[in-house]
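Next come the chains, spelled out residue by residue.
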Amino acid sequence: MLKFYFGPMDCGKSTLALQMNHNHGRQGRRGLVLTKHDRSGGPKVTSRIGLGLEAIEVEDDLDLVRLVTGHDRIDYLICDEACFYTVEQIEQLADLVDEHGVDVYAFGLASDFRSVMFPAAQRLFELADEVCRLQVEVLCWCGRPGRLNARIVGGTMARTGEQVVIGDTDAAHVRYQVLCRRHHRSGRLGEGTTEPQPEAV
Ligand SMILES: [Zn+2]
């Protein structure tokens, strides 16, 4: 079974990933936890609510089939931040399910700061047995459900740029904010985060 859970930042994806790993482990199943570009900056899955777990960092050239078959017995994989994996690695996840009987639970963003789908997320949509939108606990500043990630550079919303830029790591003043679709499209960031704008949106 290949399952993809997607949602915007802060919707609890990593927390669910950790919870799922815990539940499977308690039933005596053996798994691996994978991540890429976790917010901790290291090979760990960390969640906003303070849980954390050592994980394998998925470098671009890591062959996931070889990784798993190199272990004694692996029943399942927890793949956090799967949107940042390569498309080839998503194919490898499907191979693991079909050829090696591994259950794969992938978690990630669907779309980037432009609201364009990440290639790996797109491939997961195409291949997964099941795709689940995580119930959004995160709200836009206006109170609507937060659906899309905005990249804020120097206080304004970016529309172009590299697909993957990790926020809060350098002096580039890059951060991310979850917005509803309306405000992602208009670029309005709400009180206190940008210059006041006269028109009501
Ligand atoms: Zn909004």
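Residues numbered from 1 in each chain as written. Predicted model: local features only at pLDDT ≥ 70, side-chain atom pairs only at ≥ 80, totals over all residues. Heavy atoms only, no water.

If you check an unreviewed UniProt entry, the protein appears there as Thymidine kinase from Nonomuraea mesophila. One UniProt comment on the protein, placed under Sequence similarities (unreviewed entry), says "Belongs to the thymidine kinase family." According to its UniProt record, the protein has this under Catalytic activity (unreviewed entry): "thymidine + ATP = dTMP + ADP + H(+)". (UniProt positions renumbered as here; feature names shortened; annotations may be inferred.)

Brief notes about the overall build of the protein
The helix and strand tally for the protein stands at five helices and 11 strands. Per-residue burial for the protein yields a buried fraction of 46% across its 201 residues. For the protein, the share of sequence-separated contacts (at least 6 apart) that also reach a separation of at least 24 residues comes to 72%. Here the protein displays about 10500 Å² of accessible surface, and carbon together with sulfur accounts for 47% of that area. (Helix = DSSP H or I, 4+ residues; strand = E, 2+ residues; numbered from the N terminus. Buried < 20%, exposed > 50% of the residue type's maximum accessible area, 1.4 Å probe, protein only. Contact = heavy atoms within 4.5 Å. Areas by Shrake-Rupley, 256 points an atom, 1.4 Å probe, with all protein chains shown as cover.)

Observations regarding the sheet that holds strand β7 (residues 103-108)
Read across the open sheet, the six strands follow the order β5-β2-β6-β7-β1-β8; overall the sheet is parallel. In this open sheet, the two strands that pair with only one neighbour each are β5 (56-57) and β8 (130-133). (Pairing = 2+ DSSP bridges.)

Looking at a positive patch on the surface
On the surface, a cluster of positive charge is contributed by Arg 133, Arg 144, Arg 147, Arg 159, Arg 181, Arg 182 and Arg 185. When residues of the positive patch are assigned to their parent elements, the largest contribution, three residues, is made by helix α5 (residues 181-186). Mapped onto the elements of the fold, Arg 147 is located in the loop between β8 and β9 (148-153). Relative accessible area serves as the criterion here: at 37%, Arg 147 is assigned to the partly exposed category. (Patch = residues over 30% accessible without salt bridge, like charges linked within 9 Å, V, L, I, M, F, W, Y side chains within 5 Å. Salt bridge = Lys/Arg side-chain N within 4 Å of Asp/Glu carboxyl O. Lys, Arg positive; Asp, Glu negative; His and termini not counted. Charge placed at Lys NZ, Arg CZ, Asp CG, Glu CD.)

Section: the UniProt feature "binding site: substrate" (unreviewed entry) in the protein
Those residues carrying the UniProt feature "binding site: substrate" (unreviewed entry) are Val 164, Val 165, Ile 166, Gly 167 and Tyr 176 in this numbering. Tracing the sequence through the fold places Val 165 in the loop between β10 (156-157) and β11 (174-179). If near-sequence neighbours (up to four positions away) are discounted, Val 165 is found in contact with Arg 151, Val 174 and Tyr 176. Looking at the secondary structure, you find Ile 166 in the loop between β10 and β11. Among residues more than four places away in sequence, those in contact with Ile 166 are His 37 and Tyr 176.

A closer look at unusual backbone geometry
You will see that Glu 81, though not glycine, has its phi angle at about 55 degrees, which is positive. Along the polypeptide, Glu 81 turns up in the loop between β6 (76-79) and α3 (87-100). The backbone of Ser 115 shows a phi angle near 75 degrees, a positive value even though the residue is not glycine. Summarising the element assignment, Ser 115 is placed in the loop between β7 and α4 (119-127).

Here we look at the coordination of the zinc ion
Note on the zinc ion: its protein donors are Cys 140 (SG), Cys 142 (SG), Cys 180 (SG) and His 183 (ND1). The metal-donor distances range over 2.0 to 2.3 Å. Going along the chain, you hit the donors of the zinc ion in the pattern C-x1-C-x37-C-x2-H. Pair check on accessibility: Cys 180 and His 183 agree, each one buried. (Donors = N, O, S within 2.8 Å, 3.2 Å for Na, K, Ca; no water.)

Let's talk about the pairing of strand β1 (residues 2-6)
Most of β1 sits inside the fold, with five of its five residues counted as buried. Because side chains alternate across β1, one face comprises the buried residues Leu 2, Phe 4 and Phe 6, and the other comprises Lys 3 and Tyr 5, equally buried. Of the strand pairs in this sheet, β1 and β7 are connected by five bridges, and their pairing is parallel. What sits directly across from Phe 4, in β7, is Ala 106. For β1 and β8, the ladder comprises four bridges, and the chain directions are parallel.

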